[in-house]
Amino acid sequence: MTPPKPSSNALLRTVAPILLGVVVLYAGLQYVAHRLSITPSFVALERAEAEEDLERCVSALNREIQHLDMFVHDWSGWDDTYAFAQDRNEQYVAANLVPSTFLDNVLNVICMADPRGDVIWGQAVDLDTEEDIPLEDLVTLPLAAPDTTEDEDAACAGVALTRRGPMLIAVRQILTSQDQGPPRGLLAMGRLLTQDVLDGLVEQTGVEFSITPVQGGSPTGAEAALLQRLAAPDAPVIEQVAEDALIVTTRIDGIDGRPALILRATTPRDITHKGAQAARFAFVSTLGAGLVMLLFMVVLLWRAVIVPLRALTGHIVAITKSGDLSSRLNIHRNDEIGTVAREFDRLLGRIEYDIDRRETAEAALRESEAHIRAIVNAAADGILSVDDAAAIESANPAAERMFGYAEGELSGKHLQDLIPQYLSGYVPSGAPGLLALAVEKPGGFRAELTGKRKDGSTFPAYATISDMLLGSRRLFSVLVSDLTEYKRLHEQMMRAQHLATIGEMGAQIAHEIRNPLTGISSAIQVLDKQAHADDTVKEVFRHVLDEVARVDKTVQDLLQFARPWTPEKHPCNVHHALSGVRDQASTQKEFAGIRFVLDVPPDAAVLADDALFKQVAWNLFRNAAQAMPEGGEIRVSVEAAPDTFRLLIADTGTGIEPAALEQVFKPFFTTRTRGTGLGLAVCRQIVEAHGGSIRVSSSPGSGTTVVIELPLEE
């Protein structure tokens, strides 16, 4: 079948240029890849091989030096050598320092020196002629001692430039066979780097290389420039002197640390040439194969894909326009397109079903979420959700109000910011943290804790912590109840029960004590009248009457404390009421030396029982005066406060100890030798009966301040 012209089908007109472009692009990318990646990789591989050849040459030279050093070590650590260095016996020379030693071990020089470096025996030999040569031609005298360290034997080995050319040399200290001293001198052996030695190294490495000594140890000109490029030892320089070879150059430092040799290794460029040939062949073959595949794919695309896709495309377009998901293709083919058509029909059916189910589920989910959100938001207790690191993820409005945060501020906070007793985050091994306890205890963790608000204040709280799994995540729900009001009501209830008990006791006291006291008082008064005016017993009678009056006053205070207070509230002018109490106090002996400062606005008013308000002021004034036996100042002031009337009564007295400050409102607690200890307790009862509060702040030597807060409205 001859494919139609490209203009007869939009898909073919689109795909054919794409396929052609793909072929051209692939061929171009392959060419670029060869140029930018493969060819450079061949070059890099070639350079790496050149550097490896150079390393083999350097390693071969180092091995020669190492073998020479080991040979010298064997001689220098020989007991016979150690003895010769001391006594210079001729038997050692005759047995060991003979011509065969030089020839068999390819040594040009053997030299021994005392510890100062002065030669005690030395000989240099030309191995080619087997004739002696001056020792100074090969060894610099006196012989230098090698460097020593604590971790290795004293030794030095390397290359030295001599008058006869470069030489491999090794120097070691003369020690015993156990490498013990003291050292008795130095042993040096050397081998000239002759052409025969170099040929042997070339044969070992399989690399063509040459060695050039540095002229005089102080290079100039081109040699100096090359050594400058070889800034560090064994730093190679690669030069391409021809298309067929690379020359790698490095420098070898001498035993004195200065440049001694320049080593050049030659590597053939076989890798690059073969890589270029492979790249050209790959490009031509790829382009030809791509064009053949292009023609075949166009024909196959038309017959196997384009025609069936026309029907499938038309069906999809029709469904898109109509939105009718009930329409089906019903194409009966056994190839992939037929499978696609059948699966598309099934997909339409599943989509219809899933859409119905999703809409139903989404509606139910929205309703459920709204229901749960409404319950959580309306809850009076604080509800928090935290992750397993105790980081807060969400909080309901009650929790935000309870801890004093604005909406959204709690997100990201740590649970320890709200509950200071929190110890650590949940750890599977069971670390002692609240979250860990919530996991370990059945039903979660419940306890009365301390809550901390944003402003730093604290309040009693009851917390319930439960864990839950949300997928693979472990989360915790924290339910917090503010126990402040509960504690207050409980305290009031306990105090009411206590007062009821005191009331019953007061009634019994009034019945059992006051009547007998009246009789005693009357009897004493009769006896007092019958006694002579100058009788000393009259002083005793007056003292008894004072004590009876004091007991009666105590019973009266107790009954007053136990009575239920029901204030009759009316607008009360605070300035007028306090001025009256001040004027009354000024006439009393116990207020002698006391100065009153009334810093209260004339129009200041509060809703209170005028008589009870004055009684509270009188009790507080008396307490302040008793705390200032040498005189002082009582200052009364008003402080601005939202929704409450705040009255401050401060004195300059001795102050209250911290331990006593916690008990000042308890009945019968007093720090004085006389008194019932009911004054402040009665003040608190009256203030709380008005719906207010009273508190005391003090420190020893700094006076005392009493703060009364009363509501401005009912």
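Residues numbered from 1 in each chain as written. Predicted model: local features only at pLDDT ≥ 70, side-chain atom pairs only at ≥ 80, totals over all residues. Heavy atoms only, no water.

Caption draft 1: Spotlight on a negative patch on the surface. A surface patch of like charges, here negative, comprises Asp-128, Asp-196, Asp-199, Glu-203 and Glu-208. Here the element with the most residues in the negative patch is helix H5 (residues 195–205); it accounts for three residues. Counting through the fold element by element, Glu-203 comes out in helix H5. Under the relative-accessibility criterion, Glu-203 is labelled exposed at 69%. (Patch = residues over 30% accessible without salt bridge, like charges linked within 9 Å, V, L, I, M, F, W, Y side chains within 5 Å. Areas by Shrake-Rupley, 256 points an atom, 1.4 Å probe, with all protein chains shown as cover. Salt bridge = Lys/Arg side-chain N within 4 Å of Asp/Glu carboxyl O. Lys, Arg positive; Asp, Glu negative; His and termini not counted. Charge placed at Lys NZ, Arg CZ, Asp CG, Glu CD. Helix = DSSP H or I, 4+ residues; strand = E, 2+ residues; numbered from the N terminus. Buried < 20%, exposed > 50% of the residue type's maximum accessible area, 1.4 Å probe, protein only.)

Caption draft 2: Spatial organisation of the pairing of strand S15 (residues 473–482). The sheet contact formed by strand S11 (residues 382–387) and S15 spans six bridges and is antiparallel. Bridging from a neighbouring strand, Ser-385 pairs with Ser-477 of S15. Here strand S14 (residues 458–470) hands over to S15 after two residues, with Gly-471 in that stretch at a positive phi of 70 degrees. (Pairing = 2+ DSSP bridges.)

Caption draft 3: Examining the sheet that holds strand S2 (residues 119–126) more closely. Reading across from one edge, S3-S2-S1-S6-S5-S4 is the order of the six strands in this open sheet, with antiparallel pairing throughout. Two strands lie at the open edges of the sheet, namely strand S3 (131–133) and strand S4 (155–162), each paired on one side alone. Averaged over all adjacent pairs, the angle separating strand axes in this sheet is 25 degrees, with direction ignored. Pairing geometry for strand S5 (residues 165–173) and strand S6 (residues 186–192), over seven bridges, is antiparallel. The residue bridging Met-167 from the neighbouring strand is Leu-192, located in S6. (Axes fitted to C-alpha atoms, helices over the stretch in contact; angles between N-to-C directions.)

Caption draft 4: Representation of a nonpolar patch on the surface in the model. Where nonpolar side chains cluster on the molecular surface, the patch consists of Met-293, Phe-296, Met-297 and Leu-300 and spans about 390 Å² of accessible area. With respect to the helices, strands and loops of the structure, Leu-300 is situated in helix H7 (residues 270–322). Accessibility expressed as a relative area gives 45% for Leu-300, which makes it partly exposed.

Caption draft 5: Region of interest: helix H15 (residues 610–626). The first and last C-alpha atoms of H15 sit 24 Å apart over 17 residues, in line with the 24 Å expected at 1.5 Å per residue. Regarding H15, the residues found buried are Leu-612, Phe-613, Gln-615, Val-616, Ala-617, Trp-618, Asn-619, Leu-620, Phe-621, Ala-624 and Ala-625. Looking at where H15 begins, the residue whose side-chain oxygen comes 3.1 Å from the main-chain nitrogen of Ala-611 is Asp-609. (Expected span 1.5 Å × (residues − 1). Polar contact = N/O pair within 3.5 Å; in protein donor to acceptor, adjacent residues only side chain to side chain.)

Caption draft 6: Expanded view of the sheet that holds strand S20 (residues 644–651). Ordered by their spatial adjacency, five strands build an open sheet running S17-S19-S20-S22-S21, and the pairing between neighbours is mixed. Single-partner strands in this sheet number two, and they are strand S17 (594–599) and strand S21 (693–698). Averaged over neighbouring strand pairs, the angle between their axes works out to 15 degrees when direction is ignored. As paired elements, S17 and strand S19 (residues 632–639) share six bridges and run parallel to each other. Within S19, the residue paired with Phe-596 across the bridge is Ile-634. Strands S17, S19 and S20 of the sheet are contacted by helix H14 (residues 574–586), whose axis makes an angle of about 175 degrees with S17. (Contact = heavy atoms within 4.5 Å.)

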